Amino acid sequence: QVQLVESGGGLVQTGDSLRLSCTANGRLAMGWFRQAPGKAREFVAAISLAGTKTNYARSVRGRFTISRNNPESTDLQMNSLKPEDTAVYYCAARRAVTGVYYTSDSDYTFWGQGTQVTVSS
(Lines give C-alpha, C1' and ligand atoms only; values in the text may rest on other atoms or scores of the structure.)
Protein backbone atom coordinates (compact mmCIF):
# COMPACT_ATOMS: atom_id res chain seq x y z
CA GLN A 1 0.00 0.00 0.00
CA VAL A 2 1.41 3.37 -1.02
CA GLN A 3 1.70 5.95 1.71
CA LEU A 4 2.40 9.66 1.30
CA VAL A 5 3.97 11.74 4.03
CA GLU A 6 3.82 15.52 3.79
CA SER A 7 5.76 18.14 5.69
CA GLY A 8 6.51 21.84 5.63
CA GLY A 9 3.29 23.69 6.30
CA GLY A 10 3.00 26.56 8.73
CA LEU A 11 1.97 30.13 9.47
CA VAL A 12 3.68 32.88 7.48
CA GLN A 13 3.09 36.48 6.48
CA THR A 14 2.19 37.88 3.10
CA GLY A 15 5.19 37.78 0.80
CA ASP A 16 6.96 35.01 2.69
CA SER A 17 7.99 31.62 1.35
CA LEU A 18 7.34 28.03 2.36
CA ARG A 19 8.51 24.70 1.02
CA LEU A 20 6.30 21.64 1.19
CA SER A 21 7.67 18.15 0.79
CA CYS A 22 6.00 14.84 0.06
CA THR A 23 7.61 11.42 0.26
CA ALA A 24 6.12 8.20 -1.06
CA ASN A 25 7.12 4.56 -0.82
CA GLY A 26 6.94 4.08 -4.56
CA ARG A 27 7.78 5.57 -7.95
CA LEU A 28 4.83 7.80 -8.80
CA ALA A 29 3.63 10.81 -10.73
CA MET A 30 2.69 13.39 -8.15
CA GLY A 31 0.75 16.57 -7.65
CA TRP A 32 -0.40 19.10 -5.11
CA PHE A 33 -3.94 20.20 -4.40
CA ARG A 34 -5.36 22.55 -1.82
CA GLN A 35 -8.64 23.12 -0.07
CA ALA A 36 -9.62 26.33 1.68
CA PRO A 37 -12.46 26.43 4.23
CA GLY A 38 -15.83 26.30 2.51
CA LYS A 39 -14.30 25.74 -0.91
CA ALA A 40 -13.78 22.78 -3.17
CA ARG A 41 -10.39 21.15 -3.46
CA GLU A 42 -8.41 22.66 -6.32
CA PHE A 43 -5.39 21.74 -8.39
CA VAL A 44 -2.13 23.54 -7.60
CA ALA A 45 0.71 21.81 -9.45
CA ALA A 46 1.70 18.50 -10.99
CA ILE A 47 4.90 16.78 -12.03
CA SER A 48 5.60 13.74 -14.16
CA LEU A 49 7.33 10.60 -12.94
CA ALA A 50 10.80 11.68 -14.07
CA GLY A 51 10.20 15.32 -13.28
CA THR A 52 10.56 16.41 -16.89
CA LYS A 53 7.08 17.88 -17.21
CA THR A 54 5.19 20.18 -14.88
CA ASN A 55 1.92 22.08 -14.85
CA TYR A 56 0.51 24.80 -12.61
CA ALA A 57 -2.77 26.40 -11.78
CA ARG A 58 -2.99 29.91 -13.16
CA SER A 59 -3.31 31.33 -9.66
CA VAL A 60 0.12 30.09 -8.60
CA ARG A 61 2.08 30.19 -11.85
CA GLY A 62 5.25 32.20 -11.46
CA ARG A 63 5.14 31.99 -7.65
CA PHE A 64 5.14 28.23 -6.97
CA THR A 65 7.60 25.64 -8.28
CA ILE A 66 7.11 21.90 -8.16
CA SER A 67 10.22 19.77 -8.39
CA ARG A 68 11.59 16.35 -7.60
CA ASN A 69 15.02 14.78 -7.14
CA ASN A 70 13.78 11.21 -7.43
CA PRO A 71 10.58 9.37 -8.45
CA GLU A 72 9.54 8.88 -4.82
CA SER A 73 9.26 12.45 -3.61
CA THR A 74 8.31 15.94 -4.63
CA ASP A 75 8.67 19.45 -3.27
CA LEU A 76 6.51 22.52 -3.70
CA GLN A 77 8.38 25.79 -3.29
CA MET A 78 5.90 28.56 -2.58
CA ASN A 79 7.11 32.15 -2.90
CA SER A 80 5.34 35.49 -2.62
CA LEU A 81 2.58 33.91 -0.60
CA LYS A 82 -0.77 35.66 -0.39
CA PRO A 83 -3.63 35.32 2.11
CA GLU A 84 -5.67 33.60 -0.61
CA ASP A 85 -3.09 30.79 -0.61
CA THR A 86 -4.30 29.81 2.85
CA ALA A 87 -5.55 26.23 2.69
CA VAL A 88 -4.82 22.64 3.58
CA TYR A 89 -2.38 21.38 0.98
CA TYR A 90 -2.54 17.76 -0.11
CA CYS A 91 0.03 15.69 -1.91
CA ALA A 92 -1.41 13.24 -4.42
CA ALA A 93 0.19 10.43 -6.39
CA ARG A 94 -0.48 7.68 -8.88
CA ARG A 95 1.35 5.09 -10.89
CA ALA A 96 2.10 6.40 -14.34
CA VAL A 97 4.25 6.14 -17.42
CA THR A 98 6.99 8.69 -17.95
CA GLY A 99 6.28 12.09 -19.43
CA VAL A 100 2.73 12.49 -18.16
CA TYR A 101 1.31 14.74 -15.46
CA TYR A 102 -2.21 14.84 -14.10
CA THR A 103 -4.25 17.88 -13.09
CA SER A 104 -7.55 16.41 -11.95
CA ASP A 105 -8.02 15.03 -8.46
CA SER A 106 -9.94 12.11 -9.93
CA ASP A 107 -6.75 11.05 -11.74
CA TYR A 108 -4.95 10.36 -8.48
CA THR A 109 -5.06 7.17 -6.45
CA PHE A 110 -3.11 8.01 -3.32
CA TRP A 111 -3.41 11.02 -1.03
CA GLY A 112 -1.46 12.46 1.88
CA GLN A 113 -2.99 13.58 5.14
CA GLY A 114 -2.71 17.27 4.30
CA THR A 115 -0.65 20.08 5.77
CA GLN A 116 -1.98 23.48 6.79
CA VAL A 117 -0.60 26.62 5.17
CA THR A 118 -1.79 29.90 6.65
CA VAL A 119 -0.76 33.26 5.21
CA SER A 120 -1.57 36.27 7.35
CA SER A 121 -2.08 39.73 5.87
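Asks: How would you explain the nonpolar core if you had to name every residue and give the values?
Replies: Ranked by internal contacts, the top residues of the largest apolar core, which has 36 residues, are Leu4, Met30, Trp32, Leu76, Met78 and Tyr89. Elements with a minimum of two residues in this core: strand E3 (18-24), strand E4 (29-35), strand E5 (42-47), strand E7 (64-67), strand E8 (73-78), strand E9 (87-94) and strand E11 (115-120). Not counting the four nearest positions on each side in its chain, Tyr89 is found in contact with Glu6, Leu20, Trp32, Phe33, Arg34, Val44, Phe64, Leu76, Met78, Gly114, Thr115 and Val117.

Asks: Residue-level account of the state of the cysteines, with values.
Replies: Covalently bonding the sulfur atom of one cysteine to the sulfur atom of another cysteine gives a disulfide. For the structure on display, the rule yields one disulfide. In this model Cys22 forms its disulfide with Cys91; the gap between the sulfur atoms is 2.1 Å. Taking the sign of the S-S torsion, -85° for the link of Cys22 and Cys91, the bridge is left-handed. Remark: Cys91 occurs in strand E9 and Cys22 occurs in strand E3; sequence separation between them is 69 residues. Across the pair, Cys91 and Cys22 agree in class, each one buried.

What counts and how
- The numbering scheme is per chain: residues are counted from 1 as the chain's sequence reads.
- In keeping with the predicted nature of the model, local features appear solely for residues at pLDDT of at least 70, side-chain atom pairs appear and are counted solely at 80 or more, and the whole-chain, interface and lining totals rest on all residues.
- No hydrogens and no water enter the side-chain calculation; it runs on all heavy atoms of the structure.
- Throughout this description, the term nonpolar core refers to a set of buried Ala, Val, Leu, Ile, Met, Phe, Trp, Tyr and Cys residues connected via side-chain atoms within 4.5 Å.
- For every residue, the accessible area (1.4 Å probe, protein chains only) is compared with the maximum for its type, and the residue is labelled buried under 20%, exposed over 50%, or partly exposed between those bounds.
- Each helix corresponds to a stretch of at least 4 residues labelled H or I by DSSP, and each strand to a stretch of at least 2 residues labelled E; elements are numbered beginning at the N terminus.
- Contact definition: two residues touch when any of their heavy atoms are within 4.5 Å.
- Sulfur atoms of two cysteines make up a disulfide when they are within 2.5 Å.

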